[in-house]
Amino acid sequence: MTKETCIEKVCNLPLDFKISGKSTLTLLYESNYYDLYNSLSQQDIKEYLLRNKDLINKWVIFSEDKRTSEGYYLMLDGEKHFVGSLEKIGKEPYAKSFTTKEEACAEFILLEIRRTLKIESDFV
């Protein structure tokens, strides 16, 4: 699987989750993200989202629909956009603001996917 196909599958995860009946974990394994994560960047995800802006709202809904007290959340609010953790990471809960919704969404996607696959994030 190519890097581009992996990015597409990862970014479309909220849509595929709704229609496939498969778990998030299964969809992530099928995306081949685990094998390619070292070659994928936040910028790669951001560029895909810039071309497919409708996916950003799908990720907001995905974040809001989670039925867990673990992981990350994505909140887009006017001019400021936030990604945060639902649990403490180190001494403080993770919280970061972004100027664009594409940057915030890309950060959320990578953090949430890496948490799901139990991959250490180097950007937290």
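See the structure shown above.
Summary of the structure given here. (Residues numbered from 1 in each chain as written. Predicted model: local features only at pLDDT ≥ 70, side-chain atom pairs only at ≥ 80, totals over all residues. Heavy atoms only, no water.)

### Brief notes about the pattern of salt bridges
Alright, step 1. Following the criterion strictly, the structure yields 7 salt bridges and no others.
Alright, step 2. With its nearest N and O atoms 3.0 Å apart, the salt bridge here joins Lys-66 to Glu-112. With a gap of 46 residues between them, Lys-66 in the loop between helix H6 (54–65) and strand E1 (72–77) and Glu-112 in helix H7 (residues 101–116) connect regions that are remote in the sequence. The pair Lys-66 / Glu-112 is uniform in exposure class, with both members buried. (Salt bridge = Lys/Arg side-chain N within 4 Å of Asp/Glu carboxyl O. Helix = DSSP H or I, 4+ residues; strand = E, 2+ residues; numbered from the N terminus. Buried < 20%, exposed > 50% of the residue type's maximum accessible area, 1.4 Å probe, protein only.)

### Some details on the environment of Ile-119
Alright, step 1. On the secondary structure map, Ile-119 appears in the segment after H7.
Alright, step 2. Along the backbone, Ile-119 and Tyr-37 are 82 residues apart, and their C-alpha atoms lie at a distance of 9.0 Å.
Alright, step 3. If we ignore the near neighbours within four places in the chain, the residues touching Ile-119 are Tyr-33, Tyr-34, Tyr-37 and Arg-114. (Contact = heavy atoms within 4.5 Å.)

### Topic: the packing of helix H2 (residues 13–20) against helix H3 (residues 24–31)
Geometry of a packed helix pair, given as the angle between the helix axes and the separation of the axes.
Alright, step 1. At a minimum axis distance of 10 Å, the contact between H2 and H3 shows a crossing angle of 125°. Relative to H3, the element H2 is oriented oblique. Crossing hand, H2 versus H3: right-handed. Between H2 and H3, the residues in contact are Leu-13, Asp-16, Phe-17 and Ser-20 and Thr-24, Leu-27 and Leu-28, respectively. (Axes fitted to C-alpha atoms, helices over the stretch in contact; angles between N-to-C directions. Parallel < 35°, antiparallel > 145°, perpendicular 65-115°, else oblique. Left-handed = near helix turned anticlockwise from the far one by under 90°.)

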